[in-house]
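Listed below are the residues making up each chain.
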Amino acid sequence: MSREIRIIVIGAHPDEPDIYAGGLAALYAEQGHRVKFLSLTDGRCGHYSVGGDELVATRKAEAAEAARRLGIDEYEVLDTPDGELLPTIAVRNEVIRQIRLWRADIVVSFHPNGGAHPDNRYAGRVVGDAVPFAAKTPNAVPDAPALAQPPVVLLMPDYSLKSRYRCDIAIDIGPALEKKLLACDAHATQFYEFTPWQAGFLHEVPTESWEDKKAFLLKHWGEFINASDEMRQALISGYGDYAAQLVRYAEPFEIADYGRRPSAEEWPELFPMLGRAAAQ
């Protein structure tokens, strides 16, 4: 490892960093890099029969277990009530503080210009507003030392925005698939209870075999896991034509215009799972 890379993945709710970037996170962690997941809300709306502080405590425990299974360093859940996130100055300053204190080389979050869920939309917006202040602006949030250079920002493809999504980087997560699925499994309230209840397939939830649970997750969350046509060119750029054809599971990311674009020399260091050709 030439140097330690530090990554922070910022979602609106506990479980979003896992389903959108769990494979990426596990791959970095396996190589000895430092990864933090951050949820900007407490997830208290994410159930049909449990709520309030009981659900918040459950979801924080699920997040801690997911972090253990992925091998990442931290999974922090902030206290903003689920459904009430707004892009305020206070929230922006907290995100600036989080990015700085983690000394992030790479920030991963939602797109700032959309998303059907208001929390997701505002999470993307507040991260987009925070990143320009994270580096070389020491008088903004002076209690957290400013970064020496802006982080690279990767945007996760909120699936309500997929028609407008640009895939700049696609990561082969096949080697980390088991860890990603185990992280999702840790968020039982979401993957086995709330979403199946909302979508009408609660009766399909398996209760015993891990193989059955894996098949269930791959079936109902395949769009967050399977390599798809819009990723192919990025996979070819990153892995070469032959290897790209063999990729079954991938996570796509767009490089944010407001972040720093890595140079060709930095590319293989920041993204050690990709080749230098991906920088071109």
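The structure we're discussing is the one just above.
The sections below set out a description of the structure shown in this document. Quantities reported herein were computed from a predicted structural model and do not represent experimental measurements. The residue count restarts for each chain, going from 1 along the sequence in the order it is written. It should be noted that, the model being predicted, local features are given only for residues of pLDDT at least 70 and side-chain atom pairs only at 80 or more, the latter also being counted only at that level, while totals for whole chains, interfaces and linings use all residues. As a convention, hydrogens and water are excluded, and side-chain values are obtained from all of the structure's heavy atoms.

**Brief notes about the packing of helix α6 (residues 188-199) against helix α7 (residues 210-220)**
Logical step 1: Here the axes come from fitting lines to C-alpha atoms, over the contacting stretch only for helices, and the angles between their N-to-C directions go from 0 to 180 degrees. Secondary structure elements follow DSSP: runs of H or I of four or more residues count as helices, runs of E of two or more count as strands, with numbering from the N terminus. Look at α6 against α7: their axes get within 12 Å of each other, and the N-to-C directions meet at 40 degrees. Taken as axis vectors, α6 and α7 run oblique relative to one another. Along this stretch, α6 crosses α7, giving a crossing that reads as left-handed. Taken together, the residues of α7 that come into contact with α6 (itself represented by Phe-191, Tyr-192 and Pro-196) are Trp-210, Lys-213, Phe-216 and Leu-217.
Logical step 2: Across the contact of α6 with α7, the residue classes tally to six nonpolar, no polar and one charged. Roughly parallel means an angle under 35 degrees; roughly antiparallel means over 145; roughly perpendicular covers 65 to 115; every other angle is labelled oblique. By definition, turning the near helix anticlockwise from the far helix through less than a right angle yields a left-handed crossing, and turning it clockwise yields a right-handed one. Residue contacts are counted whenever heavy atoms from the two residues lie within 4.5 Å of one another. Classification used: nonpolar for Ala, Val, Leu, Ile, Met, Phe, Trp, Tyr, Cys and Pro, charged for Asp, Glu, Lys and Arg, polar for all others including Gly.

**What to know about the pattern of salt bridges**
Logical step 1: Note on definitions: salt bridges are taken to be side-chain nitrogens of Lys or Arg within 4 Å of carboxyl oxygens of Asp or Glu. Summed over the entire model, instances satisfying the criterion amount to 24 salt bridges.
Logical step 2: Where salt bridges share partners, they join Glu-65, Arg-68, Arg-69 and Asp-185 into one cluster.

**A short note on the environment of Leu-38**
Logical step 1: Tracing the backbone through its elements, the reader meets Leu-38 in strand β2 (residues 34-39).
Logical step 2: Its relative accessible area of 0% is what places Leu-38 among the buried residues.
Logical step 3: In this structure the C-alpha to C-alpha distance between Leu-38 and Lys-213, which are 175 residues apart in sequence, comes to 26 Å.
Logical step 4: When sequence neighbours within four positions are dropped, the list of residues in contact with Leu-38 reads Ile-8, Val-9, Ile-10, Gly-11, Pro-17, Glu-76, Leu-78 and Gln-98. Residue exposure (1.4 Å probe, protein chains only): buried if accessible area is under 20% of the type maximum, exposed if over 50%, otherwise partly exposed.

**Structural notes on the pairing of strand β7 (residues 250-255)**
Logical step 1: Within β7, six of the six residues are buried, leaving the element largely enclosed by the surrounding structure.
Logical step 2: As paired strands, strand β5 (residues 152-156) and β7 are joined by two bridges and run antiparallel to one another. Bridging from a neighbouring strand, Leu-154 pairs with Ile-255 of β7. At least two bridges found by DSSP between two strands is the condition for calling them paired.

**What to know about the side chain of Asn-120**
Logical step 1: Note that Asn-120 resides in helix α4 (residues 118-134).
Logical step 2: Throughout this description, a polar contact denotes any pair of N or O atoms lying within 3.5 Å of each other; where both atoms belong to protein, one of them has to be capable of donating a hydrogen while the other can accept it, and for residues adjacent in sequence the pair is counted only when both atoms sit in side chains. Reaching out from Asn-120, the side chain makes a polar contact with the side chain of Asp-158 at a distance of 3.2 Å.
Logical step 3: Here Asn-120 is in contact with Ala-12, His-13, Glu-16, Phe-110 and Asp-158, once residues within four sequence places are set aside.

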